[in-house]
Amino acid sequence: MKVALPKHMMILAIAGLSSRSCRAFAPALVRSYVTTSTIDATSSSRLFSTTAEVDEQQTAAAPKKKVRTRRILSGVQPTGSLHLGNYLGAIKQWVEFQNTGKFADAEDLDGKSFDDEKKDEDVEIVNENFFCVVDLHAITVPQDPSELEESTLASAALYIAAGIDPEKSKIFVQSHVPAHSELAWLLNCATPMNWLERMIQFKDKAKKAGTESVGVGLFTYPVLMAADILLYQADRVPVGEDQRQHLELARDIVRRFNGEYCKGNPYKKRCKKAGLPSYPVFTEPEAMIVKAGGARVMSLTDGTSKMSKSDPADGSRINVLDPPNVIRDKIKRCKTDALPGVEWDNPERPESTNLLNIYAAVQPGRTREDILEEVKDMKWGEFKPLLAEAIVAHLEPIQKRYAEVRADEGYLRRVLKEGADAADEIASKTLKGAKVAMGFSVPN
């Protein structure tokens, strides 16, 4: 049996970070390498044996082993109730990565698969996962102060209920780590305004709300997202399709900041005085486009629009905590068409594709072929009850576990405190590096 004994202790890392010791935003991968030596043991009891018990010839011939640390940081806003799109498109993907170390369906900006982690017997991969409730992003639009705290705690409880294990991953609230907002301000001061004026999401949201009524935070929140990512030195960042542009902005900010503040002898002298290494402060992240089970979850009232918490019509979405009778009623009333049968991928039938995608996503053990064989000749009146019951069955254990977690607020707050402490340990180091690069006086 091969046992790896690390020569160095690895600093805690978050998915999406680089090989240097230090998330939306979403998830990001970091690669760190630590060399370890291996010994041969003839039984499990030899794990704690002294070196004198190890065969000297075997030890001398044993190859050195590398440890690669991959980190992921991702988060969801606590505004309103988390819905099926949030769960299938984000949280369910996090659980899968936590448990397997892989995203089921992810690609880079060029459409190439990220299934490129070749197995290497000389490399041990260690995953470190941080998942946050991004309450700072939530206040880019007005929030009811009497509801924000409960929404935040409810979102964290749902993370746990959906399968995020505090023993395997850290869960924290974004505002509990001050480095997020502080680095965002530093990056705001280093980011040209015209870069933000190009952001499509701001244009869309401002158009809907009216530019006179939206806050500056909505305009600058992509910089906060960049801070979320860069604090943890992410070299790969799992994001949804709609976040491509924001990830590109984060890459531009890295190039600008490192180019302006992290070069030359004056920078090296500042780093030496602060006791920091003199490599550039930030790692340039690469987008990892993560699909929600191969497809986006769309609105129940419009198969061409994404399911959204901001939609004023509650019937447009299935909330994760909706009671069974509410789920059944929403599915019964959801928009369909008058064409016979149920089919996938017909551009003229977006609602059919959406409902089939949901049906498949809540039954992960089934194939598309199997599902099509079951439903292809059904009428909507036959398929809708089938879909509703599949959703109810899938969400039932999550809702039960949520009630248990939310009833024990002491446990929930301990989990969040431990997560925030671990995140702050990494984030504060990156923040210090950014301050030193910009010339701030930092405390010893």
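None of the values given here were measured: they were computed from a predicted structure.

What counts, and where the lines are drawn
Residues numbered from 1 in each chain as written. Predicted model: local features only at pLDDT ≥ 70, side-chain atom pairs only at ≥ 80, totals over all residues. Heavy atoms only, no water. Helix = DSSP H or I, 4+ residues; strand = E, 2+ residues; numbered from the N terminus. Buried < 20%, exposed > 50% of the residue type's maximum accessible area, 1.4 Å probe, protein only. Expected span 1.5 Å × (residues − 1). Phe/Tyr/Trp six-rings, centres within 6.5 Å; stacked < 30°, edge-to-face > 60°. Lys NZ or Arg CZ within 6 Å of the ring centre and 35° of its normal. Axes fitted to C-alpha atoms, helices over the stretch in contact; angles between N-to-C directions. Left-handed = near helix turned anticlockwise from the far one by under 90°. Contact = heavy atoms within 4.5 Å. Nonpolar A, V, L, I, M, F, W, Y, C, P; charged D, E, K, R; others polar. pLDDT = per-residue confidence, 0-100. Core = buried A, V, L, I, M, F, W, Y, C linked by side-chain atoms within 4.5 Å. Salt bridge = Lys/Arg side-chain N within 4 Å of Asp/Glu carboxyl O. Pairing = 2+ DSSP bridges. Disulfide = S-S within 2.5 Å. Polar contact = N/O pair within 3.5 Å; in protein donor to acceptor, adjacent residues only side chain to side chain.

> Describe in detail the overall build of the protein chain, supporting the description with residues and values.
Looking only at helices and strands, the protein chain features 15 helices and eight strands. Every one of the 444 residues in the protein chain was classed for burial, and the buried ones make up 49%.

> Quick rundown of helix H9 (residues 244-261)? Include the residues and the values.
Its 18 residues give H9 an end-to-end C-alpha distance of 26 Å, which sits within 8% of 26 Å, the value for a rise of 1.5 Å per residue. Every buried residue of H9 is listed here: His246, Leu247, Leu249, Ala250, Arg251, Ile253, Val254, Phe257, Asn258 and Tyr261.

> Please set out the packing of aromatic side chains residue by residue, giving values where relevant.
A complete count under the given rule lists eight aromatic pairs for this structure. Taking 6.3 Å as the distance between ring centres and 70° as the angle between the ring planes, the aromatic pair formed by phenylalanine 130 and phenylalanine 172 counts as edge-to-face. Of this pair, phenylalanine 130 sits in strand E5 (residues 123-133) while phenylalanine 172 is found in strand E6 (residues 169-173), placing the two residues 42 residues apart along the sequence. Taken as a pair, phenylalanine 130 and phenylalanine 172 share a single burial class, namely buried. Connected via pairs of aromatic rings, a cluster forms that spans Trp94, Phe131 and Tyr159. It is arginine 256 that lies over the ring of tryptophan 195; its NZ or CZ is 5.7 Å from the centre.

> Can you break down the packing of helix H12 (residues 350-361) against helix H14 (residues 380-407) residue by residue, with the values?
When two helices pack together, their arrangement is given by the angle between the helix axes and by the axis-to-axis distance. Running from amino to carboxyl end, H12 crosses H14 at an angle of 35°, the nearest separation of the two axes being 9 Å. Helix-helix and strand crossings are classified by hand; for H12 and H14 the assignment is left-handed. Residues Ser352, Leu355, Leu356, Ile358, Tyr359 and Ala361 of H12 pack against Trp380, Phe383, Leu386, Leu387, Ala390, Ile391 and His394 of H14. Residue composition of the contact of H12 with H14, grouped by class: 11 nonpolar, two polar and no charged.

> Could you give me a rundown of the confidence of the model for the protein chain, with the residues and numbers involved?
Detailed reading of predicted coordinates is not advised where the pLDDT is low. Across the protein chain, the average pLDDT comes to 82, with 80% of residues at or above 70. Considering each helix and strand of the protein chain separately, the mean pLDDT is smallest for strand E2 (residues 32-40), with a value of 37, and largest for helix H5 (residues 179-188), with 98. Low pLDDT, under 50, characterises residues 1-59; the stretch is placed with 199 contacts to residues that sit more than four places away or in other chains.

> Give a description of unusual backbone geometry that names residues and reports values.
Phi is positive for aspartate 345, close to 60°, though the residue is something other than glycine. Looking at the secondary structure, you find aspartate 345 in the loop between helix H11 (324-333) and H12. Judged by its relative accessible area of 51%, aspartate 345 is exposed.

> I'd like a description of the nonpolar core, backed by residues and values.
Grouped together as the largest cluster of nonpolar side chains are 59 residues, with contacts concentrated most on Leu84, Tyr159, Phe383 and Ile391. Of all the elements, H14 adds the most residues to this core, at 11 residues. Apart from the residues lying within four places of it in its own chain, the contact partners of tyrosine 159 are Gly75, Val76, Leu82, Ile91, Trp94, Phe131, Cys132, Val133, Ile164 and Ile171. Counting 54 residues, the second-largest nonpolar core is a separate cluster that includes Trp195, Val223, Ile253 and Ile426.

> Got a sec to walk through H12? Specific residues and values, please.
With 12 residues, H12 extends 16 Å between its outermost C-alpha atoms, agreeing within 8% with the 16 Å of an ideal straight helix rising 1.5 Å per residue. Among the residues of H12, those classed as buried are Glu351, Ser352, Thr353, Asn354, Leu355, Leu356, Asn357, Ile358, Tyr359, Ala360 and Ala361. Those residues of H12 that are buried are in contact with helix H2 (84-100), helix H13 (368-375) and H14.

> Account for the pattern of salt bridges, with residues named and values stated.
Counting across every chain of the model gives 23 salt bridges. The closest approach of N and O atoms between arginine 251 and glutamate 248, which form a salt bridge, is 3.6 Å. Here glutamate 248 and arginine 251 lie together in helix H9, a separation of three residues that amounts to about one turn. By relative accessible area, which is 17% here, arginine 251 ends up buried. Note that arginine 251 is salt-bridged to glutamate 284, the shortest N-O span being 3.5 Å. Of this pair, arginine 251 sits in helix H9 while glutamate 284 sits in the loop between helix H10 (264-274) and strand E8 (286-290), and the two are 33 residues apart along the sequence. The structure contains a network of salt bridges with shared partners spanning Glu149, Glu150, Arg406, Glu409 and Arg413.

> Help me get a handle on the pairing of E6, residues and values and all.
Side chains on a regular strand alternate between the two faces of the sheet. Where burial is concerned, most of E6 is hidden: four out of the five residues are buried. Strand direction decides the pairing type here: E5 and E6, joined by five bridges, are parallel. What sits directly across from cysteine 132, in E6, is phenylalanine 172.

> Pulling in residues and values, what's your account of the environment of glutamine 243?
Mapped onto the elements, glutamine 243 comes out in the loop between strand E7 (236-239) and H9. Each C-alpha atom of the pair glutamine 243 and alanine 287 lies 9.1 Å from the other, and the pair is 44 residues apart in sequence. Among residues more than four places away in sequence, those in contact with glutamine 243 are Gln201, Tyr221 and Met225.

> Give me the state of the cysteines: which residues, what numbers.
In the structure shown here, the tally under the stated rule is zero disulfides. Cysteine 271 takes part in no disulfide bond, and the closest cysteine sulfur to it belongs to cysteine 262, at a distance of 7.3 Å.

> Would you mind going over the environment of aspartate 322 in detail, with residue names and values included?
For aspartate 322, the position within the fold is in the loop between E8 and H11. The class of aspartate 322 is buried, set by a relative accessible area of 8%. Once the C-alpha coordinates of aspartate 322 and glutamate 396 are considered, the two residues, 74 residues apart in sequence, prove to be 9.9 Å apart. Those residues in contact with aspartate 322, other than ones at most four positions away along the chain, are Arg317, Ile327, Lys330 and Gln399. Within the local environment of aspartate 322, its side chain forms a polar contact with the backbone nitrogen of asparagine 319, the two atoms lying 2.9 Å apart.

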